[in-house]
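Chain by chain, the residues run as shown.
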4 protein chains.
Amino acid sequence: MLRFECDYTEGCIPEILEAIARENHTQLQGYSEDTVTERARAKVKALCGRDDLAVHFLVGGTQANTTVIAAALRHHQGVIAAAQGHIACHETGAIEAAGHKVIALPSDTGRLTARQIDQVCAAHWFDPSFEHQTQPAMVYLSHPAENGTIYSLSELEEIRAVCDKWHLFLFLDGARLGYALASPRNDVSLQDLARLTDVFYIGGTKVGALFGEAVVISHPELARDFRYHIKQRGGMLAKGWLLGLQFDVLLENDRYMAISRKAVAQAMEIKKAFEEVGVSFWSDSYTNQLFPILPNEALKQFDENYVYNAGEKIDEGHTVARFCTSWATTDAQVQALIADIRRILG
Amino acid sequence: MLRFECDYTEGCIPEILEAIARENHTQLQGYSEDTVTERARAKVKALCGRDDLAVHFLVGGTQANTTVIAAALRHHQGVIAAAQGHIACHETGAIEAAGHKVIALPSDTGRLTARQIDQVCAAHWFDPSFEHQTQPAMVYLSHPAENGTIYSLSELEEIRAVCDKWHLFLFLDGARLGYALASPRNDVSLQDLARLTDVFYIGGTKVGALFGEAVVISHPELARDFRYHIKQRGGMLAKGWLLGLQFDVLLENDRYMAISRKAVAQAMEIKKAFEEVGVSFWSDSYTNQLFPILPNEALKQFDENYVYNAGEKIDEGHTVARFCTSWATTDAQVQALIADIRRILG
Amino acid sequence: MLRFECDYTEGCIPEILEAIARENHTQLQGYSEDTVTERARAKVKALCGRDDLAVHFLVGGTQANTTVIAAALRHHQGVIAAAQGHIACHETGAIEAAGHKVIALPSDTGRLTARQIDQVCAAHWFDPSFEHQTQPAMVYLSHPAENGTIYSLSELEEIRAVCDKWHLFLFLDGARLGYALASPRNDVSLQDLARLTDVFYIGGTKVGALFGEAVVISHPELARDFRYHIKQRGGMLAKGWLLGLQFDVLLENDRYMAISRKAVAQAMEIKKAFEEVGVSFWSDSYTNQLFPILPNEALKQFDENYVYNAGEKIDEGHTVARFCTSWATTDAQVQALIADIRRILG
Amino acid sequence: MLRFECDYTEGCIPEILEAIARENHTQLQGYSEDTVTERARAKVKALCGRDDLAVHFLVGGTQANTTVIAAALRHHQGVIAAAQGHIACHETGAIEAAGHKVIALPSDTGRLTARQIDQVCAAHWFDPSFEHQTQPAMVYLSHPAENGTIYSLSELEEIRAVCDKWHLFLFLDGARLGYALASPRNDVSLQDLARLTDVFYIGGTKVGALFGEAVVISHPELARDFRYHIKQRGGMLAKGWLLGLQFDVLLENDRYMAISRKAVAQAMEIKKAFEEVGVSFWSDSYTNQLFPILPNEALKQFDENYVYNAGEKIDEGHTVARFCTSWATTDAQVQALIADIRRILG
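Under the annotation held in an unreviewed UniProt entry, chain A carries the name Aminotransferase class I/II-fold pyridoxal phosphate-dependent enzyme and is attributed to Candidatus Avoscillospira avicola. Recorded in UniProt for chain A, the comment headed Sequence similarities (unreviewed entry) runs: "Belongs to the threonine aldolase family."

Next comes the structure, spelled out in structure tokens:
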């Protein structure tokens, strides 16, 4: 079986394993206060073009989301997210378990717009009984969104302006950030993200690391005391250098972007194959996740050789599928899939 | 100014004040363990036709909702509610602050249906990654709903069946329960509620008391340790007899139903007046809350003499208004309003 | 039976009932935004000698404590309290349920000292792994303390200085504040409390009201958004004027202090009677609560005619009892008790 | 510098790195539902001699503690722990952030006794106002305790009996379990732990793994829905096989016990050296952590070549130090330390 169901079926790029083996017997200080992690922090700051950032490395996405949101919000505040956002529907109510409402907004595109954030805040503050409602205090974006689409620079700038208007933190979940930055449609840089958001993270788990997310904080109020929140939310790794080390390797020699570009290029090849046989898509993704709408009979045929996700049923005869590429996807796997696309759907 | 904006602008029925004055110098045990409260409990049980109920008196609706839901749910569980439900949008995220997601379902009618509860649960349990989502474990209904409409007996029976199917607690918020029971369209009795729900409450604050909600628990697992939750959520009144006493008075001599019937009858008179001048309604309410859709210019005229709520804008020229009656509404007030309806809108 | 077990066995001073009856049919705005409550707020500010205070009225002590502490703390912060403090042991973990650790310090006197607060904070901030511990961010004092003793002005000034040193909010629980202010040993005024604390409350439930605590906030950061927290914690009374009204009456014509002085004077008479028969005390209280250490056989005799609390067993033969006076205690009751003290213990 | 300050300064045993490298390109199912993890689960069950256990692998200790406790407790319940217990003082209030009070009991030995648990529960349930207190519902033990001492089988059996008496879950934190099992004073087996506790974990992070704790649940109520809690608390690793794999390697060929025995034997050699120069100990540890009480001047000399922890000051001239061994400690390091002990203190 060839697995295209997600971007985390394999381990990590070999250079990471080599580096771990190399450091394995070094005695390093615990809890991410070691020199290796410090080096990784410096690399993140350099790539973001700023020295005044706080950089922390966490194990996974739910942990990063919960820790950042809990660190940012007071008890009466909530976070605005798209209804499809990961924190709204795929984290077992972790944000609510930390005490905060996710203010979920419907979205046709899977992304939030500055306009709808503005409307929610206006509705809140102009309501005479606003104190009877959760106060919106943060905006959460996934970039790429759950459907593989990405925010443009101008969209992010408009959202930033609305956040400034209503005193909202802006938080960007970059669990798959590499694939956004590597998208042919992308016009957003890491420097832009450091400038436009208050906090974002550079995903490792889904982009070549064994695990790990690099949280980048530019807002000083959020940076203060952040390590308390890491510890409280169970994210303070005794051998924290394992996290720093992985980003030290990933961010060296353009590796992070190189593997992202490769995976996206493979996805674009597969996308073209689907398009050539007349398949349409649930979302117009130019990143490593594709959501073709497939006839149910075709699904059965793919099932024989492929693992992928089957999602929403579009109508009686069609279902949305998800195929992902990653750093580990080989060209042979891509060519096999393309051949089968042509064979089954052609 | 005449106030029709809610059903809690005045204090309480005079008999309650008399009773408080009568008991004021009696030395009574604290924390609702007194004889007066015991008498009120007995009355509730008698009206519900069952001895095996736990009855607790809490101060207000948000407190009752939070306490009941926190008592019922484990950390990974959430409560299903209509998107317009009070817990979903008018309690400042109290349920989330207690750690639980409100699974808000859209509803045209303001009420939940057995079918949509069934669909949500099926979607949860048939999803292979169900553990990545909040587990639905309780259904919250407001009766009357926020828009003044009520559940029929058959609707409640269907919802009960779905709750049994998916192992959900059924919780009915009866902050305005009297007005539902007194509705000309009602076919549900207190006995039905005790039989069909696991917990519900008989609202006092909005139905003639100074404050207070009588929580009636039939599910033994929920009844166990409930007083801990009352205390923890700040609802354990030192002079708890004040709560028991009010229900003792309200439930005596049919007072609770008598004042509810009076208020609903007044609302129906007002409704008829609106209908006669061709006004349509946002919801088809047969309880004490009316939601006429009024021309904006008419609103300006009403503003001169009336306090009421203006809600959703239906279109450029029309807005939903809310007019409420209560135990304290006088016939003179009703006639004044009717005269103005005819004058302004006729 | 004569009840001396607490200061909340009766209702309220008659003037409050009269005022409720007087306002019962007035149509007032809900949620404490009415004119009566505004008048009570003005009285509190005048008594504290400051215009820049936020004043909110809550139903009871646990609710007030939880709301204030949750409003003040971020998730990683905790509140320092004496191990005997109400929040540490008599509120069913309400503070923890709101997400915060109560950092409980042992105390022989039932009161905290500036020195021990200083030591805790120094221990926290000088520990290299401070982020692995709850950050102390608030100090909670009960005044009078649970054992009836009170803080002197100089003690409070020292504690304030330590709070400034370590950036701690200072919160004073005044559930029985009247009895502290009326103590023959007191040298602290309401103005002092407004100046030295960031937030405190003037207790009503135990000092002549049916229920209610007046929360007085001087720290602007704490005042901001406080009504959200009231609503979220279930303390936003629909008929909020009931709270304001009670304080409007209590704080008029020196009533609050008059009833407090009376109760303390009665307690001092009882104290003298115990002393004259050679009884010693668990704590040297000069407020309305007395904690005589009584022979177990005497307890049996008191049990025939009195309700009081029996607490800690001091040794095989002796137990700490608690006798309280209140606004409602009559001189006849006091004389009966004194006679029995002489009879049983003399 | 030689580091003896903790047992997690190095990475992992080489066999784990080899196994990761071997599996790195295998496509495995996510979220610990892979075949490697299944194999590790089987090994744990076999070692515990029971098939009916639920086994889950979590990243670290704080995460494991929070997840287990949150899964076990309802909102009004708390967990009993020694005041020195990790959850009581070194996890930034993680348990409180999950809503639960840690009922911390003083302990001279660092361990809880059946007797004191019994007393706390008796005090709770015999107090007439028990509902005003947190309900004890779980006992948390660290084994070894924070001071390196261990529970005997009879101590655990007595604690189990008390837990049965008061309906308490028994949870044993085995972050350093290997060193307890390998202690010359140990008489407790894994089978005993599976029989006597409701849940415990086999620590990996501090016993040869890169990270990871194997949570073993025998109580069915706790096992139900446990994966929801893992996800909600941020512990569901996308590449969960990394956790399973490490335990698969550790539990193979007696490796876990072999490295534990080696580390404890080294600690015993060091202990003997301290004893021979007349040093006494803060606790009588027979595991991998030693707590010698050292003259402050000696500490300065050790500081030149060693990293270790300096803790409590015993008196003006003496301080408690902590020296740890681990799987990675070499005999050369031990001999160097022993030589310096003799040189400095001899």
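So much for the structure itself; the text now carries on.
A. Just the overall build of chain A, in detail. Helix and strand content of chain A: 15 helices and 13 strands. Relative to its length of 346 residues, chain A is compact, with a C-alpha radius of gyration of 21 Å against a globular reference of 20 Å. On the principal axes, the C-alpha backbone points of chain A span a range of 60 × 55 × 35 Å. Sorting the 346 residues of chain A into buried and exposed places 68% on the buried side. Across chain A, every contact between residues at least 6 apart in sequence was considered, and the portion connecting residues at least 24 apart equals 73%. Here chain A has roughly 11600 Å² of accessible surface; of this, 51% comes from carbon and sulfur atoms. Between the centroid of the 32 positive side chains of chain A and the centroid of its 44 negative side chains there is a distance of 3 Å.

B. The arrangement of the interface of chain B and chain A in detail. Across the contact, 17 residues belong to chain B and 16 residues belong to chain A. Of the roughly 1300 Å² buried where chain B meets chain A, counting both sides, 43% is carbon and sulfur surface. Here E96 of chain B ties to K101 of chain A by a salt bridge, and the two come within 2.9 Å at their closest N and O atoms. For the pair chain B and chain A, the number of links is 12 residue pairs in polar contact (both at pLDDT 80 or more). For the side of chain B that touches chain A, the elements supplying multiple residues, two or more each, are helix 4 (86–89) and helix 5 (94–97) of chain B. Across the side of chain B that touches chain A, the residue classes tally to three nonpolar, 10 polar and four charged.

C. Molecular detail of the sheet that holds strand 6 (residues 169–173) of chain C. All names here are of chain C. One open sheet accounts for seven strands, arranged 2-8-7-6-5-3-4; its pairing is mixed. Each of the sheet's edge strands pairs with one partner strand only, and the pair in question is strand 2 (54–58) and strand 4 (102–105). Across the sheet, the axes of successive neighbouring strands diverge by a mean angle of 25 degrees, strand direction being ignored. In this structure, strand 6 lies alongside strand 7 (residues 199–203), joined through two bridges in parallel fashion. Bridge pairing in strand 7 places F171 opposite V199. Along the sheet, helix 12 (residues 241–250) makes contact with strand 2, strand 7 and strand 8 (213–217), crossing strand 2 at roughly 110 degrees.

D. Here's a closer look at the pairing of strand 2 (residues 54–58) of chain A. Residues and elements named next belong to chain A. With five of its five residues buried, strand 2 lies for the most part within the structure. Alternating residues of strand 2 divide into A54, H56 and L58 and V55 and F57, and every residue in both groups is buried. Pairing between strand 2 and strand 8 (residues 213–217): five bridges, direction antiparallel. The residue bridging A54 from the neighbouring strand is I217, located in strand 8.

E. Representation of the interface of chain A and chain D in the model. Taken together, the 45 residues of chain A in the interface contact 45 residues of chain D. In this assembly, chain A packs against chain D so that about 3900 Å² is buried in total across both faces, 54% of it on carbon and sulfur atoms. On inspection of chain A and its partner chain D, the count reaches zero salt bridges. For the pair chain A and chain D, the interface holds 22 residue pairs in polar contact (both at pLDDT 80 or more). Of all the elements in the fold, those that place two or more residues in the side of chain A that touches chain D are strand 1 (2–3), helix 1 (14–23), helix 3 (61–72), helix 5 (94–97), helix 11 (226–232) and helix 12 (241–250) of chain A. Broken down by element, the side of chain A that touches chain D gets its largest block of residues, four residues, from helix 1 of chain A. Across the side of chain A that touches chain D, the residue classes tally to 22 nonpolar, 17 polar and six charged.

F. Quick peek at the relation of the copies chain B and chain A. Relative to chain A, chain B is turned by 180 degrees and slid 0.1 Å along the rotation axis, the superposed coordinates differing by an RMSD of 0.0 Å. The operation mapping one copy onto its partner corresponds to a two-fold rotation axis. Looking at chain B, 94% of its interface residues are interface residues in chain A too, so the copies touch through the same face.

G. Local environment of the pairing of strand 5 (residues 135–142) of chain D. Residues and elements named next belong to chain D. A large share of strand 5 lies buried, amounting to eight of its eight residues. Across four bridges, strand 3 (residues 77–82) lies against strand 5 in parallel orientation. Note that in strand 5 the partner of G78 across the bridge is P136. In this structure, strand 5 lies alongside strand 6 (residues 169–173), joined through five bridges in parallel fashion. Residue M138 lies in a different strand from strand 6, and its bridge partner there is F169.

H. Structural view of the nonpolar core. Ranked by internal contacts, the top residues of the largest apolar core, which has 191 residues, are F302 of chain A together with F302 of chain D. Once you skip the residues sitting within four places of it in the chain, F302 of chain D turns out to touch L294, Y308, F323, L337, D340, I341, I344 and L345 of chain D. Within the second largest apolar cluster, 190 residues are counted, among which are Y286 of chain B together with A122, I159 and I338 of chain C.

I. Just the relation of the copies chain A and chain D, in detail. Superposing chain A onto chain D takes a rotation of 180 degrees combined with a translation of 0.0 Å along the rotation axis, leaving an RMSD of 0.0 Å. When you check the interface residues of chain A against chain D, 100% turn up at the interface there too, and the contact is symmetric in its surfaces.

J. Quick peek at the pattern of salt bridges. Under the definition given, this model contains 96 salt bridges over all chains. For R3 of chain C, the salt bridge identified is with E5 of chain C, shortest N-O distance 3.0 Å. E5 of chain C carries the same exposure label as R3 of chain C, and that label is buried. For the salt bridge of R195 of chain C with D192 of chain C, the shortest nitrogen-to-oxygen distance reads 3.0 Å. Residue R195 of chain C and its partner D192 of chain C are both found in helix 9 (residues 190–196); the two are separated by three residues, about one turn of the helix. Each of E15, R39, K43, D248, E252 and R255 of chain A takes part in a single network of salt bridges with overlapping partners.

K. Inspection of the packing of helix 13 (residues 255–276) of chain D against helix 15 (residues 331–345) of chain D at higher detail. Residues and elements named next belong to chain D. Viewed as axis vectors pointing N to C, helix 13 and helix 15 meet at an angle of 10 degrees, and their least axial separation amounts to 9 Å. Put simply, helix 13 runs roughly parallel to helix 15. Residues Q266, E269, I270, A273, F274 and E276 of helix 13 touch helix 15, and the partners they reach there are D331, V334, Q335, L337, I338, I341, R342 and L345. Tallied by class, the residues present in the contact of helix 13 with helix 15 amount to eight nonpolar, two polar and four charged.

Rules used in this analysis
Each chain has its residues counted from 1, following the order in which its sequence is written. Each chain takes a letter, starting from A, and each ligand takes a number, starting from 1, following the order in which they are written. This being a predicted model, a pLDDT of at least 70 is required before a residue's local features are given, and a value of 80 or more before pairs of side-chain atoms are given or counted; all residues contribute to the totals for chains, interfaces and linings. Neither water nor hydrogens contribute to the side-chain values; these are computed over all heavy atoms in the structure. UniProt positions are given in the numbering used here, feature names are shortened, and annotations may be inferred rather than shown by experiment. Helix and strand assignments follow DSSP, with helices taken as H or I runs no shorter than four residues and strands as E runs no shorter than two, numbered in order from the N terminus. Based on C-alpha atoms, the radius of gyration is set beside the globule rule, defined as 2.2 Å times the residue count to the power 0.38. Partly exposed residues are those whose accessible area sits between 20% and 50% of the maximum for their type, while under 20% is buried and over 50% is exposed, using a 1.4 Å probe and protein chains only. Residue contacts are defined here by distance: any two heavy atoms, one from each residue, within 4.5 Å place the two residues in contact. The Shrake-Rupley method, run with a 1.4 Å probe, gives the accessible areas here. Residue values count only the displayed protein chains as cover. Lys and Arg are tallied as positive, Asp and Glu as negative. Neither His nor the chain termini are counted. Charge positions are represented by NZ for Lys, CZ for Arg, CG for Asp and CD for Glu. Computed with a 1.4 Å rolling probe, the buried area is the accessible surface lost when two parts are put together, summed over both parts. Salt bridges are counted wherever a side-chain nitrogen of Lys or Arg sits within 4 Å of a carboxyl oxygen of Asp or Glu. Whenever two N or O atoms come within 3.5 Å, that pair is a polar contact, provided that in protein one can donate a hydrogen and the other can accept it, and provided that, for residues adjacent in sequence, both atoms are side-chain atoms. Just so you know the grouping, Ala, Val, Leu, Ile, Met, Phe, Trp, Tyr, Cys and Pro go in nonpolar, Asp, Glu, Lys and Arg go in charged, and all remaining residues, Gly too, go in polar. DSSP-based pairing: two strands are paired if at least 2 bridges between them are found. Geometry is summarised by axes, namely lines fitted to C-alpha atoms with helices restricted to the contacting stretch, and by angles between N-to-C directions that run from 0 to 180 degrees. Least squares is the method for superposing the copies, and the C-alpha atoms it fits come from residues with pLDDT of at least 70 in both. Nonpolar cores are built from buried Ala, Val, Leu, Ile, Met, Phe, Trp, Tyr and Cys residues. Side-chain atoms within 4.5 Å join them into one set. For classification purposes, an angle smaller than 35 degrees is called roughly parallel, one larger than 145 roughly antiparallel, one from 65 to 115 roughly perpendicular, and anything else oblique.

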